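Chain and residue survey
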Amino acid sequence: MSELKNVVLKNIVKTYLGNDGKPFTAVNNINLEIKSGEFVTLLGPSGCGKTTTLRMIAGFEIPTSGDIYIGKENVSKLTPDKRDTAMVFQSYALFPHLNIFDNVAYGLKLKKLSKDVIDKKVRKILELVGLNGLEERAPNQLSGGQQQRVALARALVMEPSVLLFDEPLSNLDAKLRVYMRTEIRRIQKEVGITSVYVTHDQAEAMSMSDRIIIMNKGVIEQIGTPKEIYEKPATKFVADFIGEANILEAEIVDIADKRVNIKLADKIFSVKTDLNVGKEDKINIVIRPEAVNLVDNGDIEVNVKSSVFMGAYQDYVIELDNKEIKLVQYDPQHKKVYNTGEKAYIDLKANSIHVIRN
Ligand code: ATP
């Protein structure tokens, strides 16, 4: 395999000419570093600029301004074939008239490597992606998952320093998608290749990534590990986009070192925070639905506005301080279930509350 390289994006802007003839900024001043060997996912809603960012790393789009480095080299103006990258597409993009072996060997033949070397490299990669024995098959004789493995093999066999994935699992059925997440991650770890993956599926991003880059309207909202992004969302957008969240306005009572005391349901909670907030600042708090327990006794009484059995969990909406809050209680078979219209109490701990700016 070739040398491991990092990818650095510096002040990247991409402006397109919109249908109305006015410029439209799809990517607005992005800065980030993807470390060597890291698996990073660009995640965000449709139109947030993730594909454009990926295509700029590949060289299919040229930034309007800013620079892209792969390793030490500034590749901003290089064509895709001059960059040390390979892309795996959603559509597989296999050659229908070539068998699996020849599909994977295609790029190596263009490089005019000897037959022996090609043979060795292709067989090694087919083994890595679990396709040995299928060399003679045509693409249409393979399942979707197998075709995506061929696409991955074809990218890997070129020994790029950076592997780029553009929603590669979107065409597969739900079960296969879940299986292929683990497979792609296994193969990526085995090769140790720096990878940038685009998806709008948060489960995919959470389960595969070392770090996730959350994008919204052309800017980066947050970069962090899946755990950081879920537990410490930096903005309202991230809190709302990743999983379910109750986002409430809260009043700051006072501030101590790395803590804010906030008032909620007439109780004071001392909440740890890295935010540098002043007493007059407006803040929001984030409470995840599974982070609060419904109990028989306590000091915060709530009304159960709705209670729905979902199998693995019971879905509740409760009323607290005239606000509706979503709760999820797992394993309802072995827990007390509160019915719609009942009163209950909540067991809310300060460490289940996360503070963000308003
Ligand atoms: P999706 O998940 O829907 O693919 P995305 O986050 O990948 O979304 P991009 O494809 O990067 O989003 O597009 C970002 C914005 O730029 C969108 O508003 C899109 O319409 C616009 N855009 C992308 N390519 C072009 C183009 N070639 N010409 C004009 N506008 C474009």
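As named in an unreviewed UniProt entry, the protein is Spermidine/putrescine import ATP-binding protein PotA, taken from Clostridium tepidiprofundi DSM 19306.

Comments concerning the pattern of salt bridges
Counted by the stated rule, this structure contains 23 salt bridges. Notably, a salt bridge pairs R177 with D201, separated by 3.2 Å at the nearest N-O pair. A residue pair is termed long-range when its members are at least 10 positions apart, and R177 in helix α5 (residues 174-191) and D201 in the loop between β8 (194-199) and α6 (202-208) qualify at 24 residues. The residues R177 and D201 share a single accessibility class, namely buried. With its nearest N and O atoms 3.3 Å apart, the salt bridge here joins E190 to R186. Placement of both E190 and R186 in helix α5 is noted, with a separation of four residues, approximately one turn of the helix. Owing to a relative accessible area of 32%, R186 belongs among the partly exposed residues under this scheme. Counted as one network, the salt bridges with shared partners bring together R149, E183, R186 and E190.

Digging into empty space enclosed by the protein
A water-sized probe rolled over the atoms picks out the places where empty space is left. In the structure shown here, the tally under the stated rule is one cavity of 30 Å³ or more. Considering only enclosed or pocket space, the largest cavity measures out at about 40 Å³ in volume.

Let's talk about the packing of helix α2 (residues 100-110) against helix α3 (residues 115-128)
Across the interface, α2 lies against α3 with an axial gap of 10 Å and an inter-helix angle of 125 degrees. Relative to α3, α2 is oriented oblique. The handedness of the crossing between α2 and α3 is right-handed. Together, I100, F101, V104, A105, L108 and K109 of α2 and I118, D119, K121, V122, R123 and L126 of α3 make up the contact between the two elements.

Focus on the packing of helix α4 (residues 144-156) against α5
The angle between the axes and the distance between the axes are what describe a pair of packed helices. Where α4 contacts α5, the axes come no closer than 11 Å and their chain directions differ by 20 degrees. Relative to α5, α4 is oriented roughly parallel. The element α4 and its partner α5 pack so that their crossing is right-handed. Contacts between α4 and α5 pair G145, Q148, R149, L152 and L156 from the former with L176, Y179, M180, E183, I184, I187 and V191 from the latter.

Focus on the sheet that holds strand β13 (residues 267-272)
The five strands lie next to each other as β13-β12-β11-β14-β20, forming an open sheet whose pairing is antiparallel. Here the strands that pair on one side only, and so sit at the sheet edges, are β13 and β20 (354-357). Taken pair by pair, the neighbouring strands of this sheet meet at an average axis angle of 45 degrees, ignoring direction. In terms of strand pairing, strand β11 (residues 246-256) meets strand β12 (residues 259-264) through five bridges, oriented antiparallel. Note on β12: the bridge partner recorded for E251 is K263.

Rules used in this analysis
Residues numbered from 1 in each chain as written. Predicted model: local features only at pLDDT ≥ 70, side-chain atom pairs only at ≥ 80, totals over all residues. Heavy atoms only, no water. Salt bridge = Lys/Arg side-chain N within 4 Å of Asp/Glu carboxyl O. Helix = DSSP H or I, 4+ residues; strand = E, 2+ residues; numbered from the N terminus. Buried < 20%, exposed > 50% of the residue type's maximum accessible area, 1.4 Å probe, protein only. 1 Å grid on protein atoms, 1.4 Å probe; cavity = no way out; pocket = protein on both sides within 12 Å on 5 of 7 lines; lining within 4 Å. Points joined across faces, edges and corners; volume = space filled by probe spheres on them. Axes fitted to C-alpha atoms, helices over the stretch in contact; angles between N-to-C directions. Parallel < 35°, antiparallel > 145°, perpendicular 65-115°, else oblique. Left-handed = near helix turned anticlockwise from the far one by under 90°. Contact = heavy atoms within 4.5 Å. Pairing = 2+ DSSP bridges.

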